[in-house]
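The lines below spell out each chain.
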Amino acid sequence: MRGLADGKTTVNVFNDITLCALDIICETAMGRSVNAQLNSDSDYVQAVYRASEYTFIRQRSPWLWPDFLFRLIGPGKKYDESLNILHSFTEKVIKERHMSSGRGMTKTKITMEQMLSEQDSAGDRNSDWPSGHAVCTSSEGSDSHSSTSERSGYIHV
């Protein structure tokens, strides 16, 4: 970007910031790096984009609000496929964290207080928290990873 830093050029940083935020959120919430900035074509990253897009389409289209219509005439099936990718990733992370913590996949419920009180060998809090997915999106266009002029990620450098 330094080559573009002439004070006159407009640069779209929305996609870069979105991928960075996804990396940060996944690393913080799940303790797993998805390398979104280095591999923006991965199944996980593309599933996040598609889920965002389909959610945005559904929000703007009242006729798609009922589930049966969303799945019948809208992108509901593709949305479900995207969610399946996201949920599979989360479930895999949760299983791995439970196995590595020595608890295994038991049906024992752990309270928030118990999770907060657990200490790892370094004395840091154990972040073994089942997490959902954060979706980074903008409401200014239908393509959450496009570089069109409608996007709100532009800065002047």
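Residues numbered from 1 in each chain as written. Predicted model: local features only at pLDDT ≥ 70, side-chain atom pairs only at ≥ 80, totals over all residues. Heavy atoms only, no water.

Asks: Help me understand the overall build of the protein, please; the structure alone is not making it clear to me.
Replies: When its secondary structure is counted, the protein shows 5 helices and 2 strands. Shown N-terminal to C-terminal, the secondary structure of the protein runs as helices and strands in the order β-α-α-α-α-α-β. Within the span of the protein, comprising 157 residues, buried residues form 31% of the whole. Summed over its atoms, the accessible surface of the protein is roughly 10100 Å², and 55% of this surface lies on carbon and sulfur atoms. (Helix = DSSP H or I, 4+ residues; strand = E, 2+ residues; numbered from the N terminus. Buried < 20%, exposed > 50% of the residue type's maximum accessible area, 1.4 Å probe, protein only. Areas by Shrake-Rupley, 256 points an atom, 1.4 Å probe, with all protein chains shown as cover.)

Asks: Looking at this model, I keep getting lost on the nonpolar core. Mind explaining?
Replies: Note on soluble globular proteins: their nonpolar side chains tend to be buried together. Core analysis: the biggest nonpolar cluster contains 19 residues, and Leu22, Val34 and Tyr44 have the highest contact counts within it. Going through the elements one at a time, helix H1 (14-30), helix H2 (43-60) and helix H4 (76-100) are the ones with two or more residues in this core. Tallying contributions element by element places H2 first for this core, with 7 residues. (Core = buried A, V, L, I, M, F, W, Y, C linked by side-chain atoms within 4.5 Å.)

Asks: Help me understand the packing of H2 against H4 in this model?
Replies: What describes two packed helices is the angle between their axes and the distance between those same axes. H4 packs onto H2 with a crossing angle of 135 degrees between their chain directions and a minimal axis gap of 9 Å. Here H2 lies oblique to H4, going by the angle between them. Considering the relative orientation of H2 and H4, their crossing is left-handed. Residue-level inspection shows Asp43, Tyr44, Ala47, Val48, Arg50, Ala51, Tyr54 and Thr55 of H2 in contact with H4, the latter providing Lys78, Tyr79, Ser82, Ile85, Leu86 and Phe89. In terms of residue class, the contact of H2 with H4 is made up of 9 nonpolar, 2 polar and 3 charged. (Axes fitted to C-alpha atoms, helices over the stretch in contact; angles between N-to-C directions. Parallel < 35°, antiparallel > 145°, perpendicular 65-115°, else oblique. Left-handed = near helix turned anticlockwise from the far one by under 90°. Contact = heavy atoms within 4.5 Å. Nonpolar A, V, L, I, M, F, W, Y, C, P; charged D, E, K, R; others polar.)

Asks: Quick question: what am I supposed to make of the packing of aromatic side chains here?
Replies: We describe a pair of aromatic rings using the distance from one ring centre to the other and the angle between the two ring planes. Within this structure, the stated rule accounts for 2 aromatic pairs. Summarising the aromatic geometry, the rings of Tyr44 and Phe89 are spaced 4.5 Å apart at their centres and angled 45 degrees between planes, so their arrangement reads as tilted. One end of the pair, Tyr44, is in helix H2; the other, Phe89, is in helix H4, with 45 residues separating them in the sequence. Summarising the burial analysis for this pair, Tyr44 and Phe89 share the class buried. Ring geometry for Phe70 against Tyr79: centres 5.6 Å apart, planes inclined by 70 degrees, an arrangement best described as edge-to-face. In this structure, Phe70 and Tyr79 share a single accessibility class: buried. The aromatic ring of Phe70 is capped on one face by Arg58, whose charged end is 4.2 Å from the ring centroid. (Phe/Tyr/Trp six-rings, centres within 6.5 Å; stacked < 30°, edge-to-face > 60°. Lys NZ or Arg CZ within 6 Å of the ring centre and 35° of its normal.)

Asks: For this particular structure, what's the right way to read the pattern of salt bridges?
Replies: Oppositely charged side chains can pair when the atoms bearing their charge come close. Per the stated rule, a full pass over the model turns up 3 salt bridges. Note that Arg58 and Asp67 form a salt bridge whose closest N and O atoms lie 2.6 Å from each other. Close ionic contact of Asp80 with Arg71 constitutes a salt bridge, the shortest N to O distance being 2.8 Å. For Asp80, a relative accessible area of 28% gives the class partly exposed. (Salt bridge = Lys/Arg side-chain N within 4 Å of Asp/Glu carboxyl O.)

Asks: Explanation requested: the side chain of Thr18 in the structure shown.
Replies: Assignment of secondary structure puts Thr18 in helix H1. A polar atom in the side chain of Thr18 sits 2.8 Å from the backbone oxygen of Phe14. (Polar contact = N/O pair within 3.5 Å; in protein donor to acceptor, adjacent residues only side chain to side chain.)

Asks: In this structure, what is going on with the confidence of the model for the protein? I would like to understand it.
Replies: Keep in mind that low pLDDT regions are not for reading the predicted coordinates in detail. Per-chain confidence: the protein averages 75 in pLDDT, with 62% of residues scoring 70 or above. The secondary-structure element of the protein with the lowest mean pLDDT is strand E2 (residues 154-156), recorded at 47, while H2 shows the highest, at 96. Low pLDDT, under 50, characterises residues 125-152; the predicted model gives this stretch 71 contacts beyond four residues in sequence or across chains. (pLDDT = per-residue confidence, 0-100.)

Asks: Sorry, what's going on with the environment of Ser40 here?
Replies: With respect to the element layout, Ser40 can be found in the loop between H1 and H2. Of the residues examined, Ser40 reaches a relative accessible area of 27% and is grouped as partly exposed. Residues Ser40 and Asp16, 24 residues apart in the sequence, show an inter-C-alpha distance of 9.8 Å. When near neighbours in sequence (up to four residues on either side) are disregarded, Ser40 contacts Leu19, Val45 and Gln46.

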